Amino acid sequence: GLKKPLFVLVVLVVLYQPPKPSTMAPALQDIELSGNSAFFGGGAAIDTHATLEQVSISGNEASSGGGLWLGEGTWNGIDVALSQATITENEASSGGGIYALDCALDADWVLVVGNTGYSGAGMMVGRYSQLDARHLILAGNQSRGYGGGLSLYGDASLTYADVVGNGATYRGGGGGMRGVGGEGV
């Protein structure tokens, strides 16, 4: 007789696996942030681990961190890497260019120029913060208070840094740099 056809049923089982949460820090690359305003972080407010590369932050304003506000505020700390960046012509009461609070900021090839503020016109590095900078230029920043180029309350390591032409008008309060507390520079 007749042979019955042989059918093979192949079952493909696909198991759903939800994506794993990313442990990678957000990366911002090749961006420009200009003409913005906010209570803090006029250009950007970053409260998580992050990498910023080839960024231009200019003409922003805020109460703190006119150009860039970095911090978490929970005293757990965050790590931020900033490289090949220009931070220019921003304004804030504290940290005209950059305000770093409760974070470790690793800065490489960063230009902070022409920012204004009351405390830390170029950069304000707050308590519980660490600045590790290479090839940093702080120039032409003007403070109505103290710390024209850098106001430092945390710790800092500067290598190949130029701090030139900055000014502070309050009782000679550190035109280039003002350090209070921390382990110093």
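Predicted, not measured: the structure shown is a model, and the values here were computed from it. (Residues numbered from 1 in each chain as written. Predicted model: local features only at pLDDT ≥ 70, side-chain atom pairs only at ≥ 80, totals over all residues. Heavy atoms only, no water.)

**A look at the environment of Y153**
Short version of the rule: Helix and strand assignments come from DSSP, with helices taken as H or I runs of at least 4 residues and strands as E runs of at least 2, each series counted from the N terminus. Think of it in three bands: residues with accessible area under 20% of the maximum for their type are buried, residues over 50% are exposed, and the middle band is partly exposed, with areas taken using a 1.4 Å probe on protein chains only.
In this fold, Y153 is placed in the loop between β15 (150-152) and β16 (155-159). Y153 gets classed as buried once you look at its relative accessible area, which sits at 16%. As for Y153 and G126, which are separated by 27 residues in sequence, their C-alpha atoms are 4.8 Å apart.

**What to know about the nonpolar core**
Basically, it comes down to this: In these notes, a set of buried Ala, Val, Leu, Ile, Met, Phe, Trp, Tyr and Cys residues joined through side-chain atoms within 4.5 Å is what counts as a nonpolar core. In what follows, a contact means two residues having at least one pair of non-hydrogen atoms within 4.5 Å.
L68, L82, I98, M123 and L131 are the most contacted members of the largest nonpolar core, which totals 30 residues. Those residues in contact with L82 that lie beyond four places of it in its chain are L52, V55, L68, I98, L105, D106, A107, D108 and V110. With six residues, the next largest nonpolar core counts W69, L101, Y146 and Y153 among its residues.

**Thoughts on the sheet that holds strand β11 (residues 116-119)**
Note the threshold: Think of it this way: DSSP has to see at least two bridges between two strands before they count as a pair.
One open sheet holds the six strands; their spatial order is β2-β5-β8-β11-β14-β18, and the pairing between them is parallel. Bordering the open sheet on either side are β2 (37-40) and β18 (167-168), each of which pairs with just one other strand. Pairing of strand β5 (residues 61-64) with strand β8 (residues 91-94) involves three bridges; the strand directions are parallel. For A62, the partnering residue across the bridge sits in β8 and is A92.

**Remarks on the confidence of the model for the protein**
Note the threshold: Confidence of the predictor at the level of single residues is captured by pLDDT, which takes values from 0 to 100.
Here the protein averages 84 in pLDDT, while 78% of its residues score no lower than 70. Below a pLDDT of 50 lies the segment residues 16-22, which in the model reaches zero contacts outside its immediate sequence neighbourhood of four places, other chains included.

**Notes on the environment of Y99**
Note on placement: Y99 falls in strand β9 (residues 98-101). For the pair formed by Y99 and G120, sequence separation is 21 residues and the distance between their alpha carbons is 8.1 Å. The residues contacting Y99, other than those within four sequence positions of it, are S64, G65, L68, W69, L70, S94 and M124.

**Thoughts on the packing of aromatic side chains**
Stated formally: Note on aromatic pairs: the rings of Phe, Tyr and Trp (six-membered ring only in Trp) are paired at centre separations within 6.5 Å, and the planes decide the class, stacked below 30 degrees, edge-to-face beyond 60, tilted for the rest.
Summed over the entire model, instances satisfying the criterion amount to three aromatic pairs. Geometrically, the ring pair formed by Y118 and Y146 is edge-to-face, given 5.7 Å between the ring centres and 75 degrees between the ring planes. Highlighted residues: Y118 in strand β11 and Y146 in strand β14 (residues 142-146), separated in sequence by 28 residues. What makes Y146 buried here is its relative accessible area of 17%. Here a set of aromatic residues connected by ring pairs shows up, and it is made of F39, F40 and W69.

**Some words on the side chain of S119**
Its location among the elements puts S119 in strand β11. Apart from the residues within four sequence positions on either side, S119 is in contact with S93, S94, G95, M124, S143, Y146 and S151.

**Topic: the pairing of β5**
In this sheet, β5 lies alongside β2 in parallel orientation, the contact comprising three bridges. Its bridge partner lying in β5, F40 is registered against S64.

**As for the environment of L70**
Of note, L70 is situated in strand β6 (residues 68-71). We classify L70 as buried; its relative accessible area is 0%. Linking L70 and A104, residues 34 residues apart in sequence, is a C-alpha distance of 9.2 Å. Beyond its immediate sequence surroundings of up to four residues, L70 is in contact with I46, V80, I98, Y99, A100, L101, C103 and L105.

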